[in-house]
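# Inside the fold
For reference, the chains in residue letters:
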Amino acid sequence: MGIRSFAAELLLPAALQPRLRNNTPDITPKAEAASFAALADKLAYLGKAENKLIREAYKFADEAHLGQFRASGEPYITHPLAVAGMVADWRLDAQAVMAALMHDAMEDCGVTKVELIERFGAPTAELVDGLTKLDKLQFSTREESQAESFRKMLLAMARDVRVILVKLADRLHNMRTMAAMAPNKRQRIARETLDIYAPIAHRLGLNQIYRELQELSFEHLYPWRHGALAKAVKRSRGYRRDIVERVHGEVEKAFATAKMKTLVSGREKTVYSIYRKMREKHAGFAQVSDIFGFRIVVPTLPDCYLALGVLHQLYKPVPGRFKDYVAIPKPNGYQSLHTTLVSPLGTAVEFQIRTEQMHAVAEAGIAAHWLYKNDRKGGGEAQPMGAMWLQSLLDIQDETRDSAEFLEHVKIDLVPEAVYVFTPMSKIMALPRGATAVDFAYAIHSDVGDHCVAAKVNGEPVALRTELKSGDVVEVITAPGAKPNPGWLNFVRTGRARSKIRHFLKTMEQEESRSLGEKLLAQALRSEGLALPSTDPTDADAGQVWQQLTRWSGNRGRGELLTDIGLGRKIATIVAKRLAQLMTERGARPDALTLTLGRYGAADDNAPTQGGVVIDGSEGASVQLATCCRPIPGDAIVGYLGRGEGLLVHTAECHNGKRLAERDPERWMAVEWAEQPTRPFETMVLVLVRNGKGALAQVAASVSSAEADITHIDMDNERDTDVAELRLLVAVRDRLHLADLLRTVKRSAPVLRASRVKP
């Protein structure tokens, strides 16, 4: 029985009941039996006790929706009954059927979760709660409301896949009965269905629902286009009936000759799939040839390949149109052989070859786990693959608290196209088209992604941004001290990789800013002759001081206050004076030695009383070296504490820095280089060379001989001139190393002049 005919049978008895007309209840046992009968007929697979619970859930929902009507004028209870009927068709358990009957009770009728737990148990209440929209919250925009509702649905789905099955049945029935709604509301719901719910159905392998959701969305979004194409398809049936019947007969005869037991069935593509193909190929309806196709269902897996051989002997295959989804299934568990053959009249006809078990998964997807688990083996093979994707949503949620950002991540993962790559251990991994080596690393494990430094594809070193292709063997190289690069966000494709990178960068920035803020506050408080209060939770006095300080500053806690100081949102000297006042009120007295050290540290006239910071190259995101002057160890430096940007280090002679100092003098602080920096530092060198063969190679060799590295090169575009200008970004240890580098470069034959670039 088709989905539409099932819906008609299910809704007709309920729609004919006059039990809620004019808001006056007229509930009789006969009326109840008539409205519940269509659903009860589908529940034979459940036991008597479960059927009794479902009947109680129906009565509860019926009472909750008493007096409510749909836009079509039907009693509202017809909608939960229809949804429960679809769920029963999939043979889900009693809890899912009860949740389908009561899925709108909490949203529309004020029923509480506690009440549902008391009457039907916690599992059923959790399912209903997962299906409830967030209508009680206030949203600033419609987009935020949709993102929040979608987020809750997906999180509930990741905990229990039954939620999404009921949700998709709910959306499908709503789409079928939208004719009575206002046009703008129909358009919005249809667009949401096409963008969100149809891809989810496809991702879970619910192909029958996927196709119908697409078709209904297209019909409501573009009614004129749908009507014109539907008429064209109807006309073409008559024109192509002869060829379809001829191909069907010849295929059945070929399999009979080969003594193969098969089930051959013809199928017609949906209007939406034809429309999409016309748009992709920029073609008219007459140019789309494969409107009809055939499905071959065989008993066993080896028979799939035998059937393929029979078909290829019967008709010639179209080159490049064969796909083997049996050996490498799609991420949603779909398995089939696809081949396109040339029919006797020269038109292309697509054939899909699969076993009966594969057909069950192809049509019902994850629902096949329940539909066939009792009487067929292997029917639930789609469940693990779908559950893997569902579980990955929780990983994304752990790092993403913003609903719109979460929606962006998940929509990336809903792209149906995929590439299939192999690990060095020959494990197959499916990634979205355009995925890179970094996406692959995060797909293996978040630690592998966080520490990856290089990658090899098919044994050859490649850049991390390299897009992967199906069949690639990918190996990721990691290093213990490596960290994610913010530049990765420009090319990663999977939501998991994007959320993991953002989470790591945000966490590192907060930790580094907090450490810097603590250092700045300690140095500023030292100028008052005091040390920071203890952070020991057992020290009640110190805890009260921190609590008073954070209440004064408007922060939620000590960590947030220190982070704000490190990011420059609050001035350390001002916070230190308030902290000193609070400590003095509690009996603290300035220490002479600490006061002397504080004053000694601020003795420089050019350094305000913020206190000094030592730069050794390991500071990370909270401390940045200005790109205008590119300071290196040995330079006189000053620090500018930007608003929300952390500490920016300039050379003392930098013109940009001097302008900032004039505009915002209270935000400048003393900084100094560590005695032994932990890494080289970049600076810009300008080299003027005679334009000749091998000039760049000689300059690069001289830089290398000076034990320095070139990290970037800029050249002018004037190739025909005698003199060329090179701008080299070089990594050196300090000013002495830079001076040695410049002397070495100047000795190179083609070099006319070499100097450091200063702003």
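Residues numbered from 1 in each chain as written. Predicted model: local features only at pLDDT ≥ 70, side-chain atom pairs only at ≥ 80, totals over all residues. Heavy atoms only, no water.

Counting across every chain of the model gives one cavity of 30 Å³ or more. Of the pockets and cavities examined, the largest cavity occupies roughly 40 Å³. In this structure, the largest cavity is lined by Leu-686, Val-687, Leu-688, Glu-725, Arg-753, Ala-754 and Ser-755. Counting only elements with at least two residues in the lining of the largest cavity, the list comes to strand 16 (681-690) and strand 19 (751-756). Across the lining of the largest cavity, the residue classes break down as four nonpolar, one polar and two charged. (1 Å grid on protein atoms, 1.4 Å probe; cavity = no way out; pocket = protein on both sides within 12 Å on 5 of 7 lines; lining within 4 Å. Points joined across faces, edges and corners; volume = space filled by probe spheres on them. Helix = DSSP H or I, 4+ residues; strand = E, 2+ residues; numbered from the N terminus. Nonpolar A, V, L, I, M, F, W, Y, C, P; charged D, E, K, R; others polar.)

Turning to the sheet that holds strand 2 (residues 292-298), a few remarks are in order. What the five strands build is an open sheet, ordered 1-2-5-4-3; its pairing is mixed. Strand pairing shows two members of the sheet lacking a second neighbour, strand 1 (263-268) and strand 3 (323-324), which therefore form its edges. As judged from the six bridges shared by strand 2 and strand 5 (residues 348-355), these two strands associate in the parallel manner. Note that in strand 5 the partner of Arg-295 across the bridge is Gln-352. This element, helix 15 (residues 301-314), spans strand 2, strand 3, strand 4 (337-342) and strand 5 of the sheet and lies at about 160° to strand 5. (Pairing = 2+ DSSP bridges. Contact = heavy atoms within 4.5 Å. Axes fitted to C-alpha atoms, helices over the stretch in contact; angles between N-to-C directions.)

Turning next to the nonpolar core. One recurring pattern in soluble globular proteins: nonpolar side chains tend to sit buried together. Residues Leu-39, Ile-54, Val-87, Leu-101, Met-102, Leu-116 and Leu-213 are the most contacted members of the largest nonpolar core, which totals 70 residues. Element by element, the count of residues in this core is highest for helix 10 (residues 161-176), at nine residues. Not counting chain neighbours up to four residues away, the residues in contact with Val-87 comprise Tyr-45, Leu-92, Ala-96, Val-97, Ala-100, Val-166 and Ala-169. Residues Leu-521, Leu-525, Trp-546 and Ala-572 belong to the second largest nonpolar core, which totals 49 residues. (Core = buried A, V, L, I, M, F, W, Y, C linked by side-chain atoms within 4.5 Å. Buried < 20%, exposed > 50% of the residue type's maximum accessible area, 1.4 Å probe, protein only.)

Overall, the coordinates contain nine aromatic pairs when judged by the stated rule. A centroid spacing of 5.5 Å and a plane angle of 75° characterise the contact between Phe-60 and Phe-120, whose relative ring orientation is edge-to-face. Remark: Phe-120 occurs in helix 7 (residues 113-120) and Phe-60 occurs in helix 3 (residues 48-64); sequence separation between them is 60 residues. Centroid distance Tyr-325 to Tyr-334: 6.1 Å. Interplanar angle 70°. Geometry classified as edge-to-face. (Phe/Tyr/Trp six-rings, centres within 6.5 Å; stacked < 30°, edge-to-face > 60°.)

Attention shifts here to helix 10. An α-helix turns once every 3.6 residues. As a result, residues three or four positions apart point the same way. Under the 1.5 Å per step criterion, the end-to-end length of helix 10 is 23 Å for 16 residues, consistent within 8% with the ideal 22 Å. Among the 16 residues of helix 10, 16 are classified as buried, and the element is accordingly described as predominantly covered. (Expected span 1.5 Å × (residues − 1).)

This part covers unusual backbone geometry. The phi torsion at Arg-91 lies on the positive side, around 60°, for a residue other than glycine. Along the polypeptide, Arg-91 turns up in the loop between helix 4 (78-89) and helix 5 (94-101). Judged by its relative accessible area of 40%, Arg-91 falls in the partly exposed class. Backbone geometry at Asn-458 places phi at a positive 55°, although glycine is not the residue there.

Let us look at a nonpolar patch on the surface. Where nonpolar side chains cluster on the molecular surface, the patch consists of Leu-696, Ile-713 and Met-715 and spans about 240 Å² of accessible area. With respect to the secondary-structure elements, Ile-713 resides in strand 17 (residues 709-715). (Patch = residues over 30% accessible without salt bridge, like charges linked within 9 Å, V, L, I, M, F, W, Y side chains within 5 Å. Areas by Shrake-Rupley, 256 points an atom, 1.4 Å probe, with all protein chains shown as cover. Salt bridge = Lys/Arg side-chain N within 4 Å of Asp/Glu carboxyl O.)

Of all residues in the chain, 78% attain a pLDDT of 70 or more, and the chain-wide mean is 77. In this model, residues 1-34 is a region of pLDDT below 50 whose contacts with residues beyond four sequence positions or in other chains number 56 contacts. Within the model, the stretch residues 373-383 combines pLDDT values under 50 with 18 contacts to residues more than four positions away or in other chains. (pLDDT = per-residue confidence, 0-100.)

Here we take up the pairing of strand 5. Side-chain positions along a regular strand alternate between the two faces of the sheet. Here strand 5 lies mainly inside the structure; eight of its eight residues are buried. Two strands pair when backbone bridges link them, and strand 4 and strand 5 are joined in this way by six bridges, in the antiparallel orientation. If you follow Thr-340 over to strand 5, its bridge partner there is Glu-350. Counting the residues that bridge the hairpin from strand 4 to strand 5 gives five residues, and of these Gly-346 lies at a positive phi of roughly 90°.

Below, the discussion takes up the pattern of salt bridges. Counted under the stated rule, the structure contains 14 salt bridges. Residue Asp-129 is joined to Lys-113 by a salt bridge in which the shortest nitrogen-to-oxygen separation is 3.7 Å. Remark: Lys-113 occurs in helix 7 and Asp-129 occurs in helix 8 (residues 122-131); sequence separation between them is 16 residues. Lys-113 sits in the partly exposed class, given a relative accessible area of 26%. Several salt bridges share partner residues, and in doing so they unite Lys-113, Glu-126 and Asp-129 into one network.

So, on to the side chain of Thr-494. As for its placement among the helices and strands, Thr-494 is situated in the loop between strand 10 (474-478) and helix 22 (495-526). Side chain to side chain, Thr-494 and Asp-439 meet in a polar contact 2.9 Å long. (Polar contact = N/O pair within 3.5 Å; in protein donor to acceptor, adjacent residues only side chain to side chain.)

Attention now moves to the packing of helix 4 against helix 5. The relative placement of two packed helices comes down to the angle between their axes together with the axis-to-axis distance. Relative to each other, helix 4 and helix 5 sit at 160°, their axes nearing to 7 Å. Between helix 4 and helix 5, the angle is such that the two are roughly antiparallel. Crossing geometry of helix 4 relative to helix 5 is assigned as right-handed. Contacts from Pro-80, Leu-81, Val-83, Ala-84 and Val-87 in helix 4 reach Ala-96, Val-97, Ala-100 and Leu-101 in helix 5. Residue composition of the contact of helix 4 with helix 5, by class: nine nonpolar, no polar and no charged. (Parallel < 35°, antiparallel > 145°, perpendicular 65-115°, else oblique. Left-handed = near helix turned anticlockwise from the far one by under 90°.)

Under the criterion given, the structure shown has zero disulfides. The structure places no disulfide on Cys-628, whose sulfur is separated from the nearest cysteine sulfur, that of Cys-654, by 3.5 Å. (Disulfide = S-S within 2.5 Å.)

Moving on to the sheet that holds strand 8 (residues 452-457). Hydrogen bonding along the main chain pairs the strands of a sheet, whether they run parallel or antiparallel. Spatial ordering of the open sheet is given by 9-8-10, a layout of three strands whose pairing is antiparallel. Single-partner strands in this sheet number two, and they are strand 9 (460-462) and strand 10. For this sheet, the mean angle separating the axes of adjacent strands, direction not counted, is 35°. Alignment of strand 8 against strand 10, held across five bridges, turns out to be antiparallel. Each bridged residue has a counterpart across the sheet, and for Ala-454 the counterpart in strand 10 is Ile-477. Taken strand by strand, helix 20 (residues 437-444) contacts strand 8 and strand 10, and its axis lies near 80° from that of strand 10.

Two elements in contact, helix 22 and helix 25 (residues 572-585), have axes whose closest approach is 8 Å; the angle formed by their N-to-C orientations is 60°. Considering the angle they form, helix 22 stands oblique to helix 25. Seen from above, helix 22 lies across helix 25 with right-handed handedness. Contacts between helix 22 and helix 25 involve Leu-520, Leu-521, Ala-524 and Leu-525 on the former and, on the latter, Ala-572, Thr-573, Val-575, Ala-576, Leu-579, Ala-580 and Met-583.

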